[in-house]
Amino acid sequence: MHKPKGPSKSRAASAADVARLAGVSRSAVSRTFTDGASVSTKTREKVLAAAEELNYHVNHLARGLSQEKSRPVCLLAANLDKPYHNLLLDALTRQLQADGRMVMVINVSADPTSAGEALNRALHYRAAASIVMSGTPPEEMVQSCIKAGQKVILINRHNDLQDVHHIQIDYAQAMQEAVEFFVQAGCQTLTLVSSSKGTPSLVARERFFIRSAQERGLQLTIWRGENTNYEDGQLAATTLLSKPTRDDGYFCITDLVACGFIDTATHEYHVDIPNDLCVLGFDDIPQASWKGYNLTTFAQPYNAIAERVTDILNCDQVDLLDQETIQDGYQKSSQDGNQESNEESSTDTEHQNHTQTEKRDLRSKLQAIPKWRRTVRSTESTLEQ
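The sections below set out a description of the structure shown in this document. (Residues numbered from 1 in each chain as written. Predicted model: local features only at pLDDT ≥ 70, side-chain atom pairs only at ≥ 80, totals over all residues. Heavy atoms only, no water.)

### A word on the packing of aromatic side chains
- Enumeration over the complete set of coordinates arrives at nine aromatic pairs.
- Arranged with centres 4.6 Å apart and planes meeting at 75 degrees, the rings of Phe181 and Trp372 form a pair that is edge-to-face. Residue Phe181 is located in helix H8 (residues 171-184), and its partner Trp372 is located in the segment after strand E12 (369-371); the two are separated by 191 residues in the primary sequence. Like Phe181, the residue Trp372 is buried in the burial classification.
- The interplanar angle of 35 degrees and the centroid separation of 5.0 Å between the aromatic rings of Tyr250 and Phe261 together place this pair among those described as tilted. On the criterion of sequence distance, the pair formed by Tyr250 in strand E8 (residues 249-252) and Phe261 in helix H11 (residues 255-267) is long-range, its members being 11 residues apart. Side by side, Tyr250 and Phe261 carry an identical accessibility label, which is buried.
- Each member of the aromatic cluster is reached from another via a ring pair, and the members are Tyr171, Phe181, Phe282, Phe298 and Trp372. (Phe/Tyr/Trp six-rings, centres within 6.5 Å; stacked < 30°, edge-to-face > 60°. Helix = DSSP H or I, 4+ residues; strand = E, 2+ residues; numbered from the N terminus. Buried < 20%, exposed > 50% of the residue type's maximum accessible area, 1.4 Å probe, protein only.)

Below, the structure is given as structure tokens:
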């Protein structure tokens, strides 16, 4: 008997190649590689032997059309050159990959046209979800994902969007603790070194810090730079410390700003931190623990955010079965057939209607953990970390 030809060396083996070599239908091949699908022992053995001979691997991208977890997860990210975004991206990709998911990262800081085209490609791939990592990605991109029927997860974005999942830091609690740190250090006059960028997370930190300072009756000055870079911290220190009088404490809206502030304060103005004044940051980037800074700050819960993302992704998994996937043979059989002919007929003729799980508006708040180091004076009542 003539042995079916395998694929040419110039291309990878397909499910059809395996089916021809094994002498079974293509649907039998797909059921063999589908967990829980019905396939006889004899058929499974023939398919696996043919697959090994042809070095065949399942096309998970194609299978992703029918299995939600196999479809890619799209990350909309910006400012990836900054430590905070790097740390969050690292935590998210590690967690998602450990969960068996494929990740697509779209850098929305790139040219708007290319970023938009990349998002369209992600939508064409039927991404399982879009995760918006910060407040920078444009609102129209977020709306595109929502209108496409995707599951959308917003990290530290506005609360006014419905039918999406929100993950936010409890900034009210964190800023109350921040002000209390300054009070414990004996500070009576404070400066908030902030930014005019106006992203939701920055606005929230600023608003709650101001409210907490006012509740404690502290004198507060606000200084805003254009961004949240190291250079903005340098400029803040130059502007604020050149004044005839200085405040007791300075809350820098991010650690990167605090690092620039500290370097300029110590090297240009010979300020003794924390004896002359106290400095507090936010994010707990790696530089914060360096000996040159030893910055008192608040740690972003990067790993907790990533774990919450996977919880959301896994809570509403749905098998999306459409005509295209049925034709490709990626459908679970609903019958227990012990013979190949029964298995093939049950898969090739049966059409299952897919269900759509309604999106939920899920709001989660996570805690930013204080990291007490040396840039804020400690007292006997200070909580030691």
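### Regarding the pattern of salt bridges
- Here the structure, examined in full by the defined rule, presents eight salt bridges.
- As a salt-bridge pair, Arg205 and Asp283 come within 3.5 Å of each other at their nearest N and O atoms. One end of the pair, Arg205, is in helix H9 (residues 200-215); the other, Asp283, is in the loop between strand E9 (278-280) and strand E10 (297-299), and 78 residues separate them in sequence.
- What makes Asp283 buried here is its relative accessible area of 5%. (Salt bridge = Lys/Arg side-chain N within 4 Å of Asp/Glu carboxyl O.)

### Details of unusual backbone geometry
- Ile273 connects to Pro274 through a cis peptide bond whose omega is 15 degrees.
- Examined against the element boundaries, Pro274 turns out to sit in the loop between H11 and E9.
- Of note, the phi angle at Asn79 is positive, near 55 degrees, even though the residue is not glycine.
- A relative accessible area of 16% means that Asn79 is categorised as buried.

### Brief notes about the pairing of E8
- Burial of E8 is two-sided: the residues Gly249 and Phe251 facing one way and the residues Tyr250 and Cys252 facing the other way are all buried.
- Alignment of strand E6 (residues 189-195) against E8, held across four bridges, turns out to be parallel. Bridging from a neighbouring strand, Leu192 pairs with Phe251 of E8.
- Bridge count between E8 and E9: three bridges; the pairing is parallel. Its bridge partner lying in E9, Phe251 is registered against Leu280.
- Chirality of the crossover, the property in question, places the unit of E8, H11 and E9 among those that are right-handed. (Pairing = 2+ DSSP bridges. Right-handed = clockwise from strand over helix to strand, strands pointing away.)

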